[in-house]
Amino acid sequence: MSARFDDILDVVRSIYGDGPIALHRPVFEGNEKRYLIDCIDSNFVSSVGARVIEFEQKVAAFTGAKHAVATVNGTAALHVALQLAGVERDSEVITQALTFIATCNAVAYCGAHAVFVDVDRETMSLSPDALRTFLSEYAVHRDGLCYNRKTWRRIAACLPMHTFGHPARIKEIIAVCDEYGISVVEDAAESLGSYRDGLHTGRFGKLATLSFNGNKVITTGAGGMILTDDSELAARAKHITTTAKVPHPFEFVHDETGYNYRLPNLNAALGCAQMERLDEFLRIKADIAARYEAFFDANGMHFVTSPAGAVSNYWLNALVLDSRAERDAFLQYSNQRGVMTRPIWRLMTQLEMYSGCQHDGLDNSRWLEDRVVNIPSSVPDNALPALNP
Ligand SMILES: *Cc1c(COP(=O)(O)O)cnc(C)c1O
């Protein structure tokens, strides 16, 4: 078994060289320092500043979204997007148990309850089939709204997440939700640069969110974005992320309980420089994934690739091992040898605060939880041609 593990580490080292290898680290080889210094010199370091607007415009142009509203992090973006989608205290949000904790925490911040349905094995993301099965069993229509016959709470939204950048079958998810009058918010935190049927992830739901945490495809240190094509929702998003302050030359008037969730100009400066490299990052990530795929295919192992009809950004490369025992052995073996690898997340239902949430059988989620590991996925040092004069 360890002979095969050694072969895997050899492939990783053929991409990243010797020495300790991180799972996903940021690359700052462009205009990052220059824009940061300019930003400090301008004195506009907080949430008002030209770089915030520029960063929003760049992300909107890249994704094709009509509006992009920058936030302090992806979790805050999710919190506000859910609120704008109509998620209220004591309502419910259908999401996946196989996700990063932020997805689920954002539901809790709204005072709402998560309900977990299974994922597809191919995409590792919310399954429209599992969603349909769940709703056909539990959904009840009343006054145009959808209720859960088990809890009699309103099902306000569905929150699919595009796992590791592999797009969910989002059109089918939306078709099911449309039948039941449920809003869709896409957690596209991991899928900047991923497409389904030629459309960028996050363009399908009523609202979507991105993350620019330090380990994501591009980073602003910490940061997030709300995407929507709806001008009214975009204006509301900007308003409640900036303390709901009514514009006035000097008075402090706030017309509802807003949040201090606006992205600072300093972080946006970093984001503007990172956006200049995004196409290159994606191209290099696709090259790395192709190298992994060739190796794992030749060795009869299961490397996760773009689902049919989709283009993945290969944010985090994923390998499906044969069993939980093999997974655990590989994690030990690789981490002890300085190659950082990680298991996929524990299912949300395994965590104490979400263990009481309603869920379906989660068969694929459990299957993947036992077998999936992430292997190093950064853009390697000096892989980019120099951009600076
Ligand atoms: C990264 C991430 C987020 C947002 O995380 P922040 O650190 O708050 O930016 C949300 N959902 C998923 C699935 C993520 O991977």
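Residues numbered from 1 in each chain as written. Predicted model: local features only at pLDDT ≥ 70, side-chain atom pairs only at ≥ 80, totals over all residues. Heavy atoms only, no water.

So, about the pattern of salt bridges. For the structure on display, the rule yields 17 salt bridges. The closest approach of N and O atoms between Glu179 and Arg132, which form a salt bridge, is 3.0 Å. Here Glu179 is found in helix α7 (residues 170-180), whereas its partner Arg132 is found in helix α6 (residues 128-138), with 47 residues between them in sequence. Overall, Glu179 belongs to the partly exposed group, its relative accessible area being 47%. Sharing partners across several salt bridges, the network here consists of Asp120, Asp129, Arg169 and Glu172. (Salt bridge = Lys/Arg side-chain N within 4 Å of Asp/Glu carboxyl O. Helix = DSSP H or I, 4+ residues; strand = E, 2+ residues; numbered from the N terminus. Buried < 20%, exposed > 50% of the residue type's maximum accessible area, 1.4 Å probe, protein only.)

Attention shifts here to the domain arrangement of the protein chain. Each assigned domain of the protein chain is listed with its residue range as follows: domain 1 (2-25 + 277-375) and domain 2 (32-275). Inter-centroid distance (C-alpha atoms) of domain 1 to domain 2 is 25 Å. Facing the 42 residues of domain 1 at the interface are 48 residues of domain 2. Here domain 1 and domain 2 share an interface that buries about 3,800 Å² over both sides, 61% of which is from carbon and sulfur atoms. When the buried surface of domain 1 facing domain 2 is broken down by residue, Trp315, Trp345 and Gln358 rank first, second and third, together holding 21% of it. (Domains from an automatic or database assignment. Contact = heavy atoms within 4.5 Å. Buried area = accessible area lost by both parts, 1.4 Å probe.)

The environment of the ligand is made up of 15 residues, and the closest members are Gly74, Thr75, Glu190, Ser211 and Lys216. Contacts to the ligand include Gly74, whose backbone N or O atom sits 2.8 Å from an oxygen atom. In the environment of the ligand, an oxygen atom lies 2.6 Å from a nitrogen or oxygen atom belonging to the side chain of Ser211. A total of 380 Å² of accessible area belongs to the ligand in isolation, and the protein chains cover 93% of it. Elements that contribute at least two residues to the shell around the ligand include exactly α4 (74-84) and α5 (101-109). Looking at the shell around the ligand residue by residue, the classes come out as four nonpolar, eight polar and three charged. (Near = heavy atom within 4 Å. Polar contact = N/O pair within 3.5 Å; in protein donor to acceptor, adjacent residues only side chain to side chain. Areas by Shrake-Rupley, 256 points an atom, 1.4 Å probe, with all protein chains shown as cover. Nonpolar A, V, L, I, M, F, W, Y, C, P; charged D, E, K, R; others polar.)

On to the environment of Ala22. With respect to the helices, strands and loops of the structure, Ala22 is situated in the loop between α1 (2-16) and α2 (32-42). Leaving out residues up to four positions away in the same chain, Ala22 has contacts with Met340, Pro376 and Ser378.

Relative to the elements of secondary structure, Gln358 occurs in the loop between β15 (342-343) and α11 (363-371). Gln358 sits in the buried class, given a relative accessible area of 11%. Polar contacts involving the side chain of Gln358 include one to the side chain of Asn148, which spans 2.7 Å. Aside from chain neighbours lying at most four places away, what touches Gln358 is Ala114, Val115, Phe116, Phe134, Tyr138, Asn148, Lys150 and Thr151.

Direction vectors running N to C along α4 and helix α8 (residues 231-241) enclose 130 degrees, while the axes themselves pass 10 Å from each other. On the basis of their axis angle, the class for α4 and α8 is oblique. Here the hand of the crossing between α4 and α8 comes out right-handed. Taking contact as the criterion, the partners of Val80, Gln83 and Leu84 in α4 are, on α8, Leu233, Arg236, Ala237, Ile240 and Thr241. (Axes fitted to C-alpha atoms, helices over the stretch in contact; angles between N-to-C directions. Parallel < 35°, antiparallel > 145°, perpendicular 65-115°, else oblique. Left-handed = near helix turned anticlockwise from the far one by under 90°.)

We now examine the pairing of strand β2 (residues 92-96). For a regular strand, side chains alternate in direction, first toward one face of the sheet and then toward the other. Burial analysis of β2 places five of its five residues in the buried class, the great majority of the element. Where burial is concerned, the two faces of β2 agree: the one with Glu92, Ile94 and Gln96 and the one with Val93 and Thr95 are both buried. Note that β2 and strand β3 (residues 113-117) share five bridges and pair parallel. Directly across from Ile94, in β3, lies its bridge partner Val115. As a crossover connection, the stretch from β2 through α5 into β3 is right-handed. One ladder, built from four bridges, connects β2 with strand β6 (residues 155-159); its direction is parallel. Within the sheet, the bridge partner assigned to Val93 lies in β6 and is Ala157. (Pairing = 2+ DSSP bridges. Right-handed = clockwise from strand over helix to strand, strands pointing away.)

This part is about the sheet that holds β2. One open sheet accounts for seven strands, arranged β1-β11-β10-β7-β6-β2-β3; its pairing is mixed. A strand with exactly one partner marks an edge of an open sheet, and here the two such strands are β1 (67-71) and β3. Going across the sheet, the axis of each strand differs from the next one's by a mean of 25 degrees, ignoring polarity. Here α5 sits on the sheet in contact with β2, β3, β6 and β7 (183-187), set at roughly 140 degrees to β3. Sheet contacts for α8: β1, β10 (207-211) and β11 (224-228); angle to β1, the most-contacted strand, approximately 15 degrees.

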